[in-house]
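Geometric and topological summary
Take a look at the letters that make up each chain.
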Amino acid sequence: MNFGKHKLAPRVSPNKSIEGFVGGILGAVLITVIFMLVDSTVALPYGIYRMSLFAVFFSVAGQFGDLIESAMKRHFGVKDSGKFIPGHGGVLDRFDSMLIVFPMMHLFGLF
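Calculation rules
Residues numbered from 1 in each chain as written. Predicted model: local features only at pLDDT ≥ 70, side-chain atom pairs only at ≥ 80, totals over all residues. Heavy atoms only, no water. Helix = DSSP H or I, 4+ residues; strand = E, 2+ residues; numbered from the N terminus. Expected span 1.5 Å × (residues − 1). Buried < 20%, exposed > 50% of the residue type's maximum accessible area, 1.4 Å probe, protein only. Arc of directions from axis to C-beta. Contact = heavy atoms within 4.5 Å. Axes fitted to C-alpha atoms, helices over the stretch in contact; angles between N-to-C directions. Left-handed = near helix turned anticlockwise from the far one by under 90°. Nonpolar A, V, L, I, M, F, W, Y, C, P; charged D, E, K, R; others polar. Core = buried A, V, L, I, M, F, W, Y, C linked by side-chain atoms within 4.5 Å. Lys, Arg positive; Asp, Glu negative; His and termini not counted. Salt bridge = Lys/Arg side-chain N within 4 Å of Asp/Glu carboxyl O. Patch = residues over 30% accessible without salt bridge, like charges linked within 9 Å, V, L, I, M, F, W, Y side chains within 5 Å. Areas by Shrake-Rupley, 256 points an atom, 1.4 Å probe, with all protein chains shown as cover.

**What to know about helix α1 (residues 18-38)**
For α1, built from 21 residues, the straight-helix expectation of 30 Å at 1.5 Å per residue is met to within 8% by its first-to-last C-alpha distance of 30 Å. Restricting attention to buried positions, one finds in α1 the residues I25, T32 and M36. Viewed along the axis of α1, the buried residues span an arc of 30°, placing them on a single side of the element. Set apart from the buried face of α1 by more than 90 degrees, the exposed residues are L26, L30, I31, L37 and V38. Those residues of α1 that are buried lie in contact with α2 (47-75).

Given below as structure tokens:
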């Protein structure tokens, strides 16, 4: 929150920033590169460069999934999508990005 000065989608999710969006992408690429350097056998057919590109693609898709879920909650006037994890937006907030990313990963043959 200290770095996010430019709002990404203020009507959908007012606390999301462009700086956070870019930081999420860079973080995903950094973790991917570190993981591949530690154990490169995880994605042998793809290699470190293609896996880094996948990290960018999936990070953007995951953030898009989060915005979709936020837009649905705003449309229906719901603050939380459940009460299982109070104050965290509900259980769906823990998995909203995966709803977009997992099918894409399957499409690319990653699982």
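**Observations regarding the environment of S52**
Turning to its location among the elements, S52 is positioned in helix α2. Between the C-alpha atoms of S52 and L26, which are 26 residues apart in sequence, the distance is 9.8 Å. Look past the residues within four positions of S52 in its chain and what remains in contact with it is V29, T32 and V33.

**Points about the packing of α1 against α2**
Direction vectors running N to C along α1 and α2 enclose 145°, while the axes themselves pass 9 Å from each other. Along this stretch, α1 crosses α2, giving a crossing that reads as right-handed. The segment α1 lies against α2, with G20, F21, G24, I25, A28, V29, T32, V33, M36 and L37 engaging G47, I48, M51, S52, A55, V56, S59, V60 and Q63. Looking at side-chain class alone, the contact of α1 with α2 contains 12 nonpolar, 7 polar and no charged residues.

**Some remarks on the packing of α2 against helix α4 (residues 98-107)**
Two numbers describe how α2 lies on α4: the axes approach to 7 Å, and their chain directions differ by 145°. Together, F57, F58, A61, G62, G65 and I68 of α2 and I100, V101, M104 and M105 of α4 make up the contact between the two elements. A per-class count over the contact of α2 with α4 returns 8 nonpolar, 2 polar and no charged.

**Regarding the nonpolar core**
If you look at the biggest cluster of nonpolar residues, it comprises 8 residues: M36, A43, M51, F54, F58, A61, V101 and M105. Elements with a minimum of two residues in this core: α2 and α4. Excluding residues that lie within four positions of it along the chain, V101 makes contacts with F58, A61 and G62.

**So, the side chain of D96**
Position of D96 relative to the elements: it lies in the loop between α3 (92-95) and α4. Buried charge without a partner: D96 forms no salt bridge, and the closest opposite charge is K73, 6.7 Å away. Discounting chain neighbours no more than four positions away, the residues touching D96 are G65, D66 and E69.

**Topic: a nonpolar patch on the surface**
Together, F64, I68, M72, F76, V78, L92 and L99 give the surface a local cluster of nonpolar side chains, amounting to about 670 Å² of exposed area. Considering each element in turn, the nonpolar patch owes the most residues, 3 residues, to α2. Mapped onto the elements, F76 comes out in the loop between α2 and α3. By relative accessible area, F76 is classed as exposed at 62%.

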